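Structure assessment
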Amino acid sequence: MGIYLHIPFCRRKCSYCDFNSYVTDESIRAAYVDALATEICWWGRALAGAADEARTTGAARSVYVGGGTPSLLTPNQLRVLLRGCEEALGITAGAEVTIEANPESASLAWLQDVRSLGYNRLSLGVQSFDDSLLKVLGRLHTAGDALRCYHDARQAGFENISLDLMFGLDGQSLDLWRRSLETAIQLGPEHISLYGLTVEEGTALAGQVRKGTYVTADPEFAAEMYGLAEEMLADAGYEHYELSNWARPGRQSWHNLNYWTSGPYLGCGAGAHARLGKYRFWAVSRPRAYIAAWVPGSAGVSPARPLVHARAGRPRSRENHRLSVNPLGLPEAALDGWEELTPSACVQESIMLGLRLGRGIVAAEFQRETGCRLEELVGPTLLELREVGLLDMADGAIRATRRGRLLLDEILARLFAGLEG
Ligand code: SF4
């Protein structure tokens, strides 16, 4: 099992961000950590008595504290959360314990404290090593801050560091992108994640696009940038193990691989998702509602001050059960919804996630998870996609080819149509 803890606070909203994160003052954070610790304890008790289909198999193999900006929490708050997981849920020896950090809010002292608490993997939101692009993105740090933070993290004893970079930005030439990649490679992190910028409705960036002050990247050019990254990272010895992720051998993120292979995970915190057996749960997204659900009577902040709600509004597309009965008896006020995954939803999810992986969909695993053979479900479509060079089938696995990775949406649309046909 993996455990995800969501910290939904940021100092400022980046122009492109539609994550569940809020610009708040410090006063709400202590109440939020109390609520999160309460939720973690609750899960410990609930899982001990859960029905078979929601039961997980023992202690957690990974903990991932993400956000938002987890580096806004104090080491003491992060200690409470990690010890809470250890005591209530159990964490295996040698587990991967990741914390996300933003360069401007992670000092050497903070990194040293956090490392000594047992966090052993750092995911650093660098995004670019070019100051003008960082400004366009609305980031608070400079390239210099990112370099300083990386070296501080090494000094603090982090031996497993991941860097996030973005491509497809307005004003980002191929040469600028190459230079950011070169800088990252020279630093030598164990893991690199690359994300193509997408403009989400409701974000500041979407407003800039409408006004014509931001120009979205041409998809062909973005694909060229992605191709350049594939070449440079392969030459530098990184394994392309997932669509957006590269790692040194043996340094893939266990936590994320667990998501992509449909493993069980808990998600605690505002807006977090959990998947246990055939059930999926998702929490209320507003921090104040989340706090009130887990620590009744707590207003979160006193006197009440409105949060600056900077989240982009995206309608929840999924029809879900509302909460009068949920299979684990989670407090109703804490949940936004839950669902029981149907067999066909499990099949679709396994296809969608499996094709993101470098190793592809492993036929035996797919059959174990879903009870079906993919060739029997969509055999003719698989062959067509192989014919046109988008899929590769060998060694008991089905993988997207290099070209297929760029056209994954098209592949999925054809396979899902094949499932319905
Ligand atoms: S992208 Fe920016 S605003 Fe969004 S969660 Fe990350 S740091 Fe916060």
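Residues numbered from 1 in each chain as written. Predicted model: local features only at pLDDT ≥ 70, side-chain atom pairs only at ≥ 80, totals over all residues.

Some points on the overall build of the protein chain
Rule in force here: Only DSSP runs of H or I with at least four residues qualify as helices, and only runs of E with at least two residues qualify as strands; both kinds are numbered from the N terminus onward. For a compact globule the rule gives 2.2 Å times the number of residues to the power 0.38, and the radius of gyration it is set against comes from C-alpha atoms. Counting other C-beta atoms within 10 Å of a residue's C-beta gives its exposure: the residue is buried at 20 or more, exposed at 12 or fewer, and partly exposed in between, where C-beta atoms are placed from the backbone. In this description, a residue-residue contact is defined by the distance between C-beta atoms placed from the backbone, which must lie within 7 Å.
If you tally the helices and strands in the protein chain, you get 15 helices and 17 strands. For the protein chain, whose C-alpha radius of gyration is 22 Å, the value lies close to the compact-globule estimate of 22 Å for 421 residues. Buried positions account for 41% of the 421 residues belonging to the protein chain. Restricting to contacts in the protein chain with at least 6 residues of sequence separation, those with at least 24 account for 72%.

Considerations on helix H11 (residues 343–354)
Applicable threshold: To estimate how far a helix should extend, the number of its residues minus one is multiplied by 1.5 Å. Of all possible arcs, the one meant is that of the directions from the helix axis to the C-beta atoms.
When the terminal C-alpha atoms of H11 are compared, their 16 Å separation across twelve residues agrees well with the 16 Å that a helix rising 1.5 Å per residue should span. Residues Val-347, Ser-350, Ile-351 and Gly-354 constitute the buried set of H11. Buried residues along H11 cover an arc of 95 degrees about the axis, so they all sit on one side. On its buried face, H11 sits against strand S15 (361–362), helix H12 (363–370), helix H13 (374–387) and helix H15 (408–420).

Quick look at the sheet that holds strand S16 (residues 391–394)
Paired through backbone hydrogen bonds, the strands of a sheet run either parallel or antiparallel to each other. Defined as follows: Pairing between two strands is assigned when DSSP locates at least 2 bridges connecting them.
Ordered by their spatial adjacency, three strands build an open sheet running S15-S17-S16, and the pairing between neighbours is antiparallel. Of all the strands in the sheet, the pair left with one neighbour each is S15 and S16. Taken together, the four bridges between S16 and strand S17 (residues 397–400) define a ladder with antiparallel strand orientation. Residue pairing in the sheet places Leu-391 in a bridge with Ala-400 of S17.

Let's talk about unusual backbone geometry
Looking along the chain, the bond that leaves Gly-67 and enters Gly-68 is cis, with omega of 20 degrees. As for its position among the elements, Gly-68 is in the loop between strand S4 (60–67) and helix H2 (75–88). Notably, Ser-262 is not glycine yet its phi reads approximately 60 degrees, a positive angle. One can find Ser-262 in the loop between helix H9 (254–260) and strand S11 (265–268). Judged by the 18 C-beta atoms lying within 10 Å of it, Ser-262 is partly exposed. At Asp-395, a residue that is not glycine, the phi angle is positive and equals roughly 55 degrees. Its place among the elements puts Asp-395 in the loop between S16 and S17.

Here's the deal with the site of the ligand
How we decide: Any residue whose C-beta atom, as set from the backbone, lies within 6 Å of a molecule or strand is reported as near that molecule or strand. In this classification, the charged set is Asp, Glu, Lys and Arg, the nonpolar set is Ala, Val, Leu, Ile, Met, Phe, Trp, Tyr, Cys and Pro, and all remaining amino acids, among them Gly, are polar.
Lining the immediate surroundings of the ligand are Cys-10, Lys-13, Cys-14, Cys-17, Phe-19, Ser-21, Gly-67, Gly-68, Thr-69, Asn-102 and Gly-125. Taken together, the residues of the shell around the ligand sort by class into four nonpolar, six polar and one charged.

Section: the domain arrangement of the protein chain
To be explicit about the condition: Those domain boundaries reflect an automatic or database domain assignment.
When cut into domains, the protein chain gives domain 1 (2–260) and domain 2 (343–420). Taken over C-alpha atoms, the centre of domain 1 sits 28 Å from the centre of domain 2. Listed per partner, the contact involves seven residues of domain 1 and seven residues of domain 2. The biggest single contributor to the side of domain 1 that touches domain 2 is strand S9 (residues 239–242), with four residues.

Things to note about the pairing of S9
Strand direction decides the pairing type here: S9 and strand S10 (residues 245–247), joined by three bridges, are antiparallel. Each residue of the ladder has a partner; that of Glu-242, found in S10, is Asn-245. Two successive antiparallel strands, S9 and S10, enclose a turn made up of two residues.

Notes on the environment of Leu-233
Structurally, Leu-233 can be placed in helix H8 (residues 219–235). In the structure, Leu-233 is positioned 33 residues away from Leu-266 in sequence and 32 Å away in space, judged by C-alpha atoms. Discounting residues that sit within four places of it in the chain, Leu-233 has contacts with Ile-192, Tyr-238, His-240 and Trp-246.

Structural notes on the nonpolar core
Spelled out, the test is: In these notes, a nonpolar core means any group of buried Ala, Val, Leu, Ile, Met, Phe, Trp, Tyr and Cys residues linked to one another through C-beta atoms within 7 Å.
Ranked by internal contacts, the top residues of the largest apolar core, which has 94 residues, are Ile-3, Leu-36, Val-63, Leu-81, Cys-85, Leu-124 and Tyr-290. Discounting chain neighbours no more than four positions away, the residues touching Leu-124 are Ala-101, Pro-103, Ala-146, Cys-149, Tyr-150, Ile-161, Ser-162, Leu-163 and Asp-164. One finds Leu-355, Ile-361, Leu-385 and Leu-391 within the second-largest nonpolar core, a separate group that totals 15 residues.

A few points about the environment of Leu-382
Turning to its location among the elements, Leu-382 is positioned in helix H13. Between the alpha carbons of Leu-382 and Gly-202 there is a distance of 37 Å; along the sequence they are 180 residues apart. Filtering out sequence-adjacent residues up to four positions away, Leu-382 remains in contact with Glu-375, Leu-391, Met-393 and Ile-398.

Concerning the packing of H11 against H15
When two helices pack together, their arrangement is given by the angle between the helix axes and the distance between those axes. The cut-off we apply is this: Fitted lines through C-alpha atoms give the axes, limited to the stretch in contact for helices. The angle between two N-to-C directions lies from 0 to 180 degrees. An angle below 35 degrees is read as roughly parallel, one above 145 as roughly antiparallel, one from 65 to 115 as roughly perpendicular, and any other as oblique. Note on convention: the crossing is left-handed when the near helix lies turned anticlockwise from the far helix by less than a right angle, right-handed when the turn is clockwise.
The geometry of H11 relative to H15 is characterised by a closest axis approach of 11 Å and an angle of 155 degrees between their N-to-C directions. With respect to H15, the element H11 is oriented roughly antiparallel. Note on packing geometry: the crossing formed by H11 with H15 is right-handed. Every residue of H15 that contacts H11 at Val-347, Gln-348, Ile-351 and Met-352 is listed here: Leu-412, Leu-415, Phe-416 and Leu-419. For the contact of H11 with H15, the residue count by class is seven nonpolar, one polar and no charged.

Topic: the pairing of strand S13 (residues 279–283)
As paired elements, strand S12 (residues 273–276) and S13 share four bridges and run antiparallel to each other. Residue Leu-276 lies in a different strand from S13, and its bridge partner there is Tyr-279. With antiparallel pairing between neighbouring strands as the criterion, S12 and S13 make up a hairpin whose turn holds two residues, including Gly-277 at a positive phi of roughly 55 degrees. As paired strands, S13 and strand S14 (residues 335–340) are joined by five bridges and run antiparallel to one another. Looking across to S14, one finds that Arg-280 is bridged to Glu-339.

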